[in-house]
Amino acid sequence: MPSSAVPHACATFFPDFPKPLPGGRSQLPDFSGSGAALYLTQLVRQSPPGSLLAVVTASAGDARRLLDEIPWFDARLRVRLLPDWETLAYDSFSPHHDLVSERLATLYSITRSECDLLLIPASTAVYRFTPPDWLAAYTFFLKQNERLDAEKLRAQLTLAGYTHVTQVVTPGEYSIRGGLIDLFPMGAALPFRLDLFDDEIESIKTFDVDTQRTLHPVPEIRLLPAREFPLDEKGRARFRQRFREVFEGDPARCPIYKEVSNGIAPPGIEYWLPLFFEQTATLFDYLPEGTTLCLHGDVPEAIHAFWRDAQARFQMLSGEASRPLLPPGELFLSEENFFVAAKALSRVVLKRDDATPTPLTLTPTPLPGGEGLTRAVPPVAVERRATDPLARLKAFIDGFPGRILLLAESPGRRETLAELLGEYGLKATPSTDLADFLQSEARLSLGVSPLHTGFILEAGKGEGRREKGKTGGGGNASEKNTHETGAIRKSASPHPSPFPLPSSQRSLALITETELYADSPSRRSSR
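Please read these numbers as outputs of a predicted model, since none were measured by experiment.

A. Focus on the packing of aromatic side chains. Evaluated as defined, the whole model comprises 20 aromatic pairs. With 5.8 Å between their ring centres and 50° between their planes, Tyr127 and Phe306 make a pair best called tilted. Of this pair, Tyr127 sits in the loop between helix H5 (122–125) and helix H6 (132–137) while Phe306 sits in helix H11 (residues 299–317); the two residues are 179 residues apart in sequence, bridging distant segments of the chain. Following the ring pairs from residue to residue traces out a cluster consisting of Trp85, Tyr90, Tyr127, Tyr271, Phe306, Phe314 and Phe332. The residue whose ring lies beneath Arg193 is Phe207, and the NZ or CZ to ring-centre distance is 4.3 Å. Its end group placed over the ring of Phe437, Arg403 keeps NZ or CZ at 4.2 Å from the ring centre.

If you want it as structure tokens, here you go:
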């Protein structure tokens, strides 16, 4: 079954979520397990074409996990991650080239409307960024059959921050050997080899960095800057001027000032980024009009903790005269400034349901306080020393009114799990993906998924925290956001919320290895 069938099938289990008007805010039902990935997929599904959903997560780990999980529900979505530098504030070393490459590619994709869902850790969302116009000005393309001056290209690559090497290995490097030019653009998964015939690009092919063998032909390549700041003559002049304006004393005694003046990017130079520009940008300068901002988890607390740590590190490291530091306000947005800037956007809040699952959740009726469309899976862990290790799982299957999909981490783990099930009398129908499972009639299936934690999905159980007003003359019900005053926009989703499936299939349980092996020491330590 093709992945394109997944969004429609999933829509069967979800009513449309309320979407606030610009400046408004709504609260989605609390999620359990990896239910957030399905919630976010639904939000994108019901959004107008070309719009962007920006999801700010409380931790970088949540963002990485969602990056893996969301495509499993809808492989067509263009999901991008704006990763963290993975350095502490004011660290004296620079982020890895691969991270810079991914960041630049993501920022560029936002400006080109090539992203449906953007994931940003809270600690990244408060950074100040390179301006969008600078990124666009320093991005250029090379196409097959166009004329190319190798020396001009060398100068252009140098200005963009690329390094000339004998053999290209990492993003941001290039090599010119006669009529062959090897390039590893920032944001690219593989390097490219240009074969010149005189001054014309005869072919462009990707190649393997280990074997150096060409792989696939491509019609054109995109070259992003190699850094998030300019190190050309104009950029260095601006840095020197701003450095003298901001810091007191003799700049010639500062190693960072001297290295930048000589065209060298010293380790940790990213924390002097504002000195390269007249004005830096924020995340909100990149987000297009009509963007919906989703806060995943306790984002305010995460931003507050980051700001507190940044101030503490500034106080601890700012006493060194040879390495003067910019104050945190020049590099990061405070919690107040972040939410003031976010106020103009439609905002959606998504929080985890921390209720502890119990065997009582086997009943199909909602438990007190359970406002979400998803619920945690009750204890079903394998008991290795028991007479029947699958006793808990069998009890859940017998009492659950809907259908169940067991999910392994890899095809190899799936085969191991299938053997275990068969050994103790359970037969699960193989499923290639979620769409295959939803289209089948099997009550118990087995598949492979990147989901970190399972959940129970109950169809038609509420539509978010809102109230429906009275109607007259057959008109549509007016809607009011109960979390915060503000009008709610009626969704234009083509999928109706009434549930068309038999009542015996009104619930789904997605159970991962996290639940099946919850009692394993390695699982407990990973959680």
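Moving on, there is more to tell.
B. Representation of the sheet that holds strand S10 (residues 192–197) within the structure. As summarised here, the arrangement of the six strands in space is S7-S8-S9-S10-S11-S12, forming an open sheet in which the pairing is mixed. Strands with a single pairing partner mark the edges of an open sheet, and in this sheet they are strand S7 (163–164) and strand S12 (214–217). When S10 meets strand S11 (residues 200–207), the two strands line up antiparallel, connected through six bridges. When the bridges of S11 are listed, Phe197 appears paired with Glu200. Along the sheet face, helix H7 (residues 150–159) touches S7, strand S8 (173–177) and strand S9 (180–184) and points at about 165° away from the line of S8.

C. Representation of the confidence of the model for the chain in the model. Averaged over the chain, the pLDDT score is 81; the fraction of residues at 70 or greater is 81%. Contacts from residues 358–371, a stretch scored under 50 in pLDDT, to residues over four places away or in other chains number 21 contacts.

D. Spotlight on the sheet that holds strand S17 (residues 403–408). Taken in spatial order, the six strands of this open sheet run S16-S20-S24-S17-S19-S18, and their pairing is mixed. Two strands bound the open sheet, and with one partner strand each, they are strand S16 (374–375) and strand S18 (429–430). Relative to strand S19 (residues 444–448), S18 runs parallel, the two being bridged by two bridges. Opposite Pro430, over in S19, you have Leu446 as the bridge partner. Sheet strands in contact with helix H15 (residues 411–423) are S17 and S19, and its direction is about 155° off that of S19.

E. Representation of the packing of helix H2 (residues 35–45) against helix H3 (residues 60–73) in the model. One way to put it is that H2 packs onto H3 with a least axis distance of 9 Å and a crossing angle of 60°. Taken together, the axes of H2 and H3 are oblique relative to one another. At the point where H2 passes H3, the crossing takes the right-handed sense. Side by side, H2 and H3 meet where Ala36, Ala37, Leu38, Leu40 and Thr41 of the first sit next to Leu66, Glu69, Ile70 and Phe73 of the second. Partitioned by chemical class, the residues of the contact of H2 with H3 number seven nonpolar, one polar and one charged.

F. Main features of unusual backbone geometry. A positive phi angle, close to 60°, is found at Glu86, a residue other than glycine. Relative to the helices and strands, Glu86 resides in the loop between strand S4 (79–81) and helix H4 (97–111). Of note, the phi angle at Asn145 is positive, near 75°, even though the residue is not glycine. Mapped onto the elements of the fold, Asn145 is located in the loop between strand S6 (140–143) and H7.

G. Expanded view of the side chain of Asp182. Structurally, Asp182 can be placed in strand S9. On the basis of relative accessibility, which here comes to 1%, the residue Asp182 falls in the buried class. For Asp182, the side chain forms a polar contact with the side chain of Arg177, separated by 3.2 Å. Each residue touching Asp182, except ones within four places of it in the same chain, is listed here: Val168, Glu173, Tyr174, Ser175, Arg177, Phe192, Arg193, Phe207 and Gln212.

H. Inspection of the environment of Ala302 at higher detail. As for its placement among the helices and strands, Ala302 is situated in helix H11. By relative accessible area, Ala302 is classed as buried at 19%.

I. Representation of the nonpolar core in the model. Of all hydrophobic cores here, the largest spans 83 residues; its most connected members are Leu194, Phe239 and Trp272. The element best represented in this core is H11, accounting for seven residues. Ignoring any residue separated from it by four or fewer positions in sequence, one finds Phe239 in contact with Ile256, Tyr257, Val260, Ile269, Trp272, Leu275 and Phe276.

J. View of the packing of H11 against helix H13 (residues 335–342). Contact pair H11 / H13: the axes reach a minimum separation of 9 Å and the direction vectors enclose 140°. In terms of their interaxial angle, H11 and H13 are classed as oblique. For the pair formed by H11 and H13, the contact residues are Pro300, Ile303 and His304 on the first element and Glu335, Phe338 and Phe339 on the second.

K. Structural view of the pairing of S8. Across the five residues that make up S8, a large majority, four, are buried. Two elements, S7 and S8, share two bridges in a ladder whose sense is parallel. Across the sheet, the residue bridging to His164 is Tyr174, located in S8. Between S8 and S9, which pair antiparallel and follow one another directly, the connecting turn spans two residues, one of which, Gly178, has a positive phi of 65°.

L. Broad picture of the pairing of strand S3 (residues 53–57). Burial within S3 is extensive, with five of its five residues counted as buried. Residues Leu53, Val55 and Thr57 point to one face of S3 and Ala54 and Val56 to the other, with burial holding for every one of them. Here S3 pairs with strand S5 (residues 117–121) via five bridges, running parallel. Bridge pairing in S5 places Val56 opposite Ile120. The sheet contact formed by S3 and strand S14 (residues 292–296) spans five bridges and is parallel. For Val55, the partnering residue across the bridge sits in S14 and is Cys294.

Here is what the cut-offs are and how they apply
Residues numbered from 1 in each chain as written. Predicted model: local features only at pLDDT ≥ 70, side-chain atom pairs only at ≥ 80, totals over all residues. Heavy atoms only, no water. Phe/Tyr/Trp six-rings, centres within 6.5 Å; stacked < 30°, edge-to-face > 60°. Helix = DSSP H or I, 4+ residues; strand = E, 2+ residues; numbered from the N terminus. Lys NZ or Arg CZ within 6 Å of the ring centre and 35° of its normal. Pairing = 2+ DSSP bridges. Contact = heavy atoms within 4.5 Å. Axes fitted to C-alpha atoms, helices over the stretch in contact; angles between N-to-C directions. pLDDT = per-residue confidence, 0-100. Parallel < 35°, antiparallel > 145°, perpendicular 65-115°, else oblique. Left-handed = near helix turned anticlockwise from the far one by under 90°. Nonpolar A, V, L, I, M, F, W, Y, C, P; charged D, E, K, R; others polar. Buried < 20%, exposed > 50% of the residue type's maximum accessible area, 1.4 Å probe, protein only. Polar contact = N/O pair within 3.5 Å; in protein donor to acceptor, adjacent residues only side chain to side chain. Core = buried A, V, L, I, M, F, W, Y, C linked by side-chain atoms within 4.5 Å.

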